[in-house]
Each structure stands twice: as structure tokens, then as C-alpha cells.
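Coordinate inspection notes
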Amino acid sequence: SRCWSFGRRWGIASDDLVFSGSFELFVRVLWWIGTLALYTLHKGKFDCSGGRVLHSYLVVLLVLLAFIILSLCAIVYVSAQGTITNPGPRRSIPVLVYVRAMLYVPELIWAILGAIWVSDDSRGCEPAEVGAVIAAVVASWILLLSTGVGVLFVFDPLGSRLPGPPSQEQLGVRDLESSEGSQLLSTARSVAVRVWESRLRLLCCCLPQDESHRAAFSSIAQLVSGFFSDTDLVPSDIAVGLALLHQEQDKKEQCRDPDEVLPHSPSSPIAEDLEAELEKAAHCMQFAIAAYGWPMYVYSNPLTGACKLSGDCCKTQSAEYDIVGGDNMGCHFSSILHSTGLQYRDFIYVSFHNQIYEIPFFVALDHKREAVLVAIRGTLSLRDLLTDLSADCENLPVEGVSGTCYAHKGMSQAAGYIYKKLLNDGILNQAFTIAPEYKLVITGHSLGGGTASLLAILLRSSFPSLQCYAFSPPGGLMSKALAEYSKDFVVSVVLGKDLVPRLSYPNMEDLKRRILKMVSNCNKPKYRILLQGCWYELFGGDPDDFPTEMDRREEELSQPLLGEETLLIRGSSSYHSLASEDSPVHCAHLPLYLPGRILHITEDGPSRRSCFSQVRYRAEWSSETAFRSVLISPRMIADHMPDAVLRSLHSMTQDRPFNLCPSSLSNSHLNVI
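These numbers were taken from a predicted model, which means no experiment stands behind them.

1. What about the overall build of the protein?
Helix and strand content of the protein: 23 helices and 14 strands. Looking at the protein as a whole, 52% of its 673 residues are labelled buried. The long-range share in the protein, meaning contacts at least 24 apart out of those at least 6 apart in sequence, stands at 74%.

2. Details of the packing of helix α9 (residues 274–290) against helix α23 (residues 642–653)
Across the interface, α9 lies against α23 with an axial gap of 9 Å and an inter-helix angle of 150°. One way to sum up the angle between α9 and α23 is to call them roughly antiparallel. For the crossing formed where α9 meets α23, the hand is left-handed. Between α9, through L278, E279, A281, A282, M285, Q286 and I289, and α23, the contact on the second element is made entirely by P642, D643, V645, L646, L649, H650, M652 and T653.

3. Details of the environment of I238
For I238, the position within the fold is in helix α8 (residues 235–254). Between the alpha carbons of I238 and V519 there is a distance of 8.4 Å; along the sequence they are 281 residues apart. For I238, the residues in contact, after removing those within four places along its chain, are L233 and I515.

4. Digging into the environment of D250
The topology assignment puts D250 in helix α8. We classify D250 as buried; its relative accessible area is 4%. Taking the C-alpha atoms as reference points, D250 and D542, 292 residues apart in sequence, are found 9.0 Å from one another.

5. Observations regarding the UniProt feature "transmembrane region" (unreviewed entry) in the protein
When the UniProt feature table is mapped onto this chain numbering, "transmembrane region" (unreviewed entry) sits at residues 25–42, 54–77, 97–118 and 130–155. Helix makes up 100% of residues 54–77 and strand 0%, and the two end C-alpha atoms of the span are 34 Å apart. Here residues 130–155 runs as 96% helix and 0% strand, with 38 Å between its end C-alpha atoms.

6. Section: the packing of aromatic side chains
Under the defined criterion, the tally for this structure stands at six aromatic pairs. Here the aromatic rings of F333 and Y344 are separated by 6.1 Å at their centres, their planes lie at 80°, and the arrangement is edge-to-face. Remark: Y344 occurs in the loop between α12 (331–340) and β4 (347–351) and F333 occurs in helix α12; sequence separation between them is eleven residues. Each ring, one from Y485 and one from F489, has its centre 5.4 Å from the other, and the planes form 75°; the classification is edge-to-face.

7. Notes on the packing of α8 against helix α19 (residues 526–539)
Two elements in contact, α8 and α19, have axes separated by 9 Å at closest approach and are oriented at 50°. Comparing the axis directions of α8 and α19 gives the class oblique. The two elements α8 and α19 meet at a crossing, and its hand is left-handed. Contacts between α8 and α19 involve S236, D237, A239, V240, A243, L244, H246, Q247 and D250 on the former and, on the latter, K526, I529, L530, G533, Y536 and E537. Looking at the contact of α8 with α19 residue by residue, the class counts come to seven nonpolar, four polar and four charged.

Analysis parameters
- Residues numbered from 1 in each chain as written.
- Predicted model: local features only at pLDDT ≥ 70, side-chain atom pairs only at ≥ 80, totals over all residues.
- Heavy atoms only, no water.
- Helix = DSSP H or I, 4+ residues; strand = E, 2+ residues; numbered from the N terminus.
- Buried < 20%, exposed > 50% of the residue type's maximum accessible area, 1.4 Å probe, protein only.
- Contact = heavy atoms within 4.5 Å.
- Axes fitted to C-alpha atoms, helices over the stretch in contact; angles between N-to-C directions.
- Parallel < 35°, antiparallel > 145°, perpendicular 65-115°, else oblique.
- Left-handed = near helix turned anticlockwise from the far one by under 90°.
- UniProt positions renumbered as here; feature names shortened; annotations may be inferred.
- Phe/Tyr/Trp six-rings, centres within 6.5 Å; stacked < 30°, edge-to-face > 60°.
- Nonpolar A, V, L, I, M, F, W, Y, C, P; charged D, E, K, R; others polar.

Written out as C-alpha cells, the structure is:
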């Protein structure tokens, strides 16, 4: 349960004080021992002008530190009792917190007096004595300032009590079925939206606060606040749930037989050879990674990248690079030339202009594959992140598609921006004038992959033979009708347990429900789960069997899980879905899917390997249903990196395994639990 003190709710729970309290306790004990040693060594020798003051200062400091140490011992001990959903043994935590807060007052006063003594009454005393007092004063101020910073971090802007009947507020349960309860919930949600909007404005203070940005802030704030509005979890609760869920998924994964690898796409009208598709994907991925510009080039070539670009950047190339926009120093375009191996004359248009819903891209002639290639950059800036997070649905009508057509708003807007540039500015017309026999190929990674898929849908009617290769596209991208329509010309490439292709609002609701189920059923203290979870992530081993606190019946799960403060607000969809693993997730957001056919690349071999062992990959055609659940793994972010995707494609197409230490934390069979 969350900490309630000073009449408000804080952003930590009553069992979160074990680690922070233990650290402060360790520091305070060392400080007390050092002060005691100083007092013992100089006892009876305080004969300088300020000796009495020094003697009194050390004695009172020893007593004060002793009381602080005792209060910290009590806080750590009590905070370690009970479980996440059983805060009964920790009911005395608020009182202990009040006692510890009261001890800050004399400590502050004594720190001020120590500073005064050092500045006024320390003349004639031994330098060692003065230095020891200075160290004590500095330590006091550091701890006091650290405490102030910590309070700011755990301060919850939504933690003030909402106006309402005192009896209900004391219980922490709000009857949402009544009109008064509905009004309270509406007020809470509106306050949450304002708080999240303020946070976004503060985070993006460097961006212009124009109408488009304000609209994006509002949309994102409504999305985020709505997702967290029906839970009362703190960050450590979420960490515990993720640790438990990861081990639960690994246990189920170890009991599953590997699926058969399909050599051909089951939904392709013409069964293309899988190896040929991998060759095309590996070739296109080089352009998708090149679209990131010099940051990705230097990241992929840490030893030589900066040196290769240093001779090309900062030159006066405006006349030569007249097709390039938004690249003042020329570093981005130079890195593209190095990454793709193309010549300047092969580029039709290059734009690094970047605003919300307007992302960089380039158009080039790929003579090797005889294609006019459009490569779209993925997320690399704060503006791109805002585009990613604008996850509302937007209508995207497409002629000839039966069914409802809608897509991710941010990427739909970005695809519309590039669509207008390509057609209205005559960019594609110029490219096909130069090479009329070439075909159109669109590619991109992450945000670029999602935008490329939607752009391909928009251009399909004008270019029936176009192809699109979307690498690591977001899962919540387009409606079912558009996803089926795109299977004829879009290939999505996903590596391992990549989180982004599994990101959608229904999937996140499902993840939240699973976290709540794991947290509510575990009977171990939070600190033990976190320690064991860290050990498992770092060193492996067998997943732990976490027994449930009780075999709850379904009707019991519909009642509050906590005594004083409920884990969930009564009436929420997530709360009621705890009753059954197969309970439907109620979500106001429309379901969105991955684009096209899905080519899933996984590591082939043991689940854990040494840092210097060879890594081999396997590829298979997969269905959208395999990505309807988020998989917890240390590789869930690393598998999304563009260099990791390119490395896996090169490994399979060139039959050359790579040595990759991070793969020791990955699993070979990546099926949905």
C-alpha cells in the first residue's frame, strides 16, 4: 500500500523503505562510529577557546545520531514485514515516519550551530578537531539536502485527498456507482490529465509551445493518465510484477516444444522463398539504418565512424548538396553516403527537417535492386517521441478496402506529410523520369517502419507493384482491415522479444492485468522479490516458484485486496479482470495490429550462453496473434536496436554467426505465453 502521511498519499509504498532506510542506516552507523572515535581520542583535551562548544557539539551529535539510528532500524524492520497486498504488519510505518521527520529538526539546528562554531569559535583548536567537525557539518548538510531531493522525487501531485465523505476516504474505497462517486472519479481524471500535461510541457520545454504541440501534449496526457487511473501501484510494485512475470513466462517457455518453421508465408499470394525475402530485407535494412544519420553511424562504428565523417562535416557544401534539407553541417548526408555506398548523383531528395508529425526521409535510386527507394527515419528526437506517443486512432480511408480503416494518429500524420511531399513536390515523378523501369520500395525502422507501412498503403493505388519492408514496427499501428490489405505488399521484420512490435493499448492493458495478478498473489516481501529478481536477471538460474498467499476464489477477487488502501479503484476493468486469466480486457481504444506479413527472427540455441559463444538465428513466418502479449526479457529493448536487426539479417544471409555477449540473456523460443 502507498505511504499516507502529512494528510496526503506519496509516490512510494510502506514496504519501499527497506533499501533506502538500509542505505541511510549504513551511512549513519559509520558516522556515529567516526564521531565516537573522535570524541574518545580527544576526551579531556578540549582545551582550546571553543573546546566546551566542541565537547557539547560532539556529545549531542552522538545522542542525536543514536536516536536516528534507532528510528531507522525500526523503519527498516517494519517496512520488511508483510507483503505487497498485506500491509497490516506495516501499520506503524506512518508513526515511525513522523518520528524520523521530527528528528530532522534538531539535526538541522545542530548542523547550523556546527557551521557557526567552525566559523567563529574554532581558533586555537587542533586542525584535526576542526576538520572532523567540518566533515560532520558537511555530512549533515549533504544528508539533509539528499532527503529534500528524495521527498521531491516521491512527491505525488495526485496524492492530495479528494473532497468526499471522511469515512470513505479513510477506507480508501470510493463507490463509483453513485453519482457522487462518478463525480469524484471524473474530477480525479481531469486533475490527472492536467498533471501529466504539465509534466510533458516541462519535459519538452525546449520545444515551441505552438498549437500542434499543445494538442499533442493534451492527447498524450489523456492516454497516459487514463492508463494509470484505475490502479494504485507505485514504481516498485510494477518492478516486482515484471520480475515475477518474467520468471513465470520463462517457466512456461521451458515446458513448450519449439514450433515448426514455415519455409513460406502462408498468406502470400505467390509463395516466395524465405531466403530471398531475407536477402531483400537485409538489403533494405541498410537504407533504414542509414536514415538515422550520423548518430547511428557513429554508434555502429565507434572506432572509425567519427574519423570517417570528420573530413566531410562542416564543409561548405550547400552548392553540391542542394537536394539536402535540414542538414546544415552535412554530417547526416555524409553518413548516408558511407552507409549505403551510393553516390551523390543517386539521391533524388534528402530531408532532415524534423517537427512533430514531420520526420526525416530520403529518396534514392537503388541500382543494385533496380528500385526507387524511400527510407524513413525512426525515433531520434523528442519531436519523434511525441509522434510515437500520439497513439489515438485516426481514420485512414483507402479505396477498395472493405472494413473500418483507421491507424495510429502520429504515424498516419507523418505518412500523410511524406505522401504530400513525394507527390506534390514531384519527387517520385522526378525519380521515375530518370529510371522509369524501376519499382518503388519503401522502408524504415521503428517509427520509420510504421510510417513506411502507412505510406505504402497510401501509395498502393498509384504504384501497384510497390513493396514495403518495415523493421520493428509498432504493434498498435493499423486496423484489421488495413493489416489484411497490406499483406500483399508489406513485410514486417521483428527480432526476438522486441517490445515495440508488441506495444498496443490492449497489450498494455493485458500486461497491467498480469502484473496486478502476480503482485496480488505473491506472499513474499517486496525486498526479497526484488533481490531475487535482480539475481535472476544477472546470473540466471531456475525460475523461482512463488506460492500464492491463498487460493483465492473468483468471488474473492472481486473484493478489495487491501485493508486500508485498495490496490485498485473499485469498478475498474483491470481490477475485475483479476478474477480470470481469460477475462476480456475492456478498453475504450480500438484494436490496432502489425502491418503486412510478419517475418520473425529468433535466436537458435540454448536459452543462456557464454559471452563468446556463437549466435545463430532462425527466421519464420509468424501470425499477428503471436504478438498479442508483451514478453518480459532483458532483450526486449536490445532486440529493437537497428544494428541488432541488421546483424541478425546479415548473420542469416551471409551464413556467418556473430559473437554477441548480450544474447546470453535471451531465449530461443519466443512464443507468446
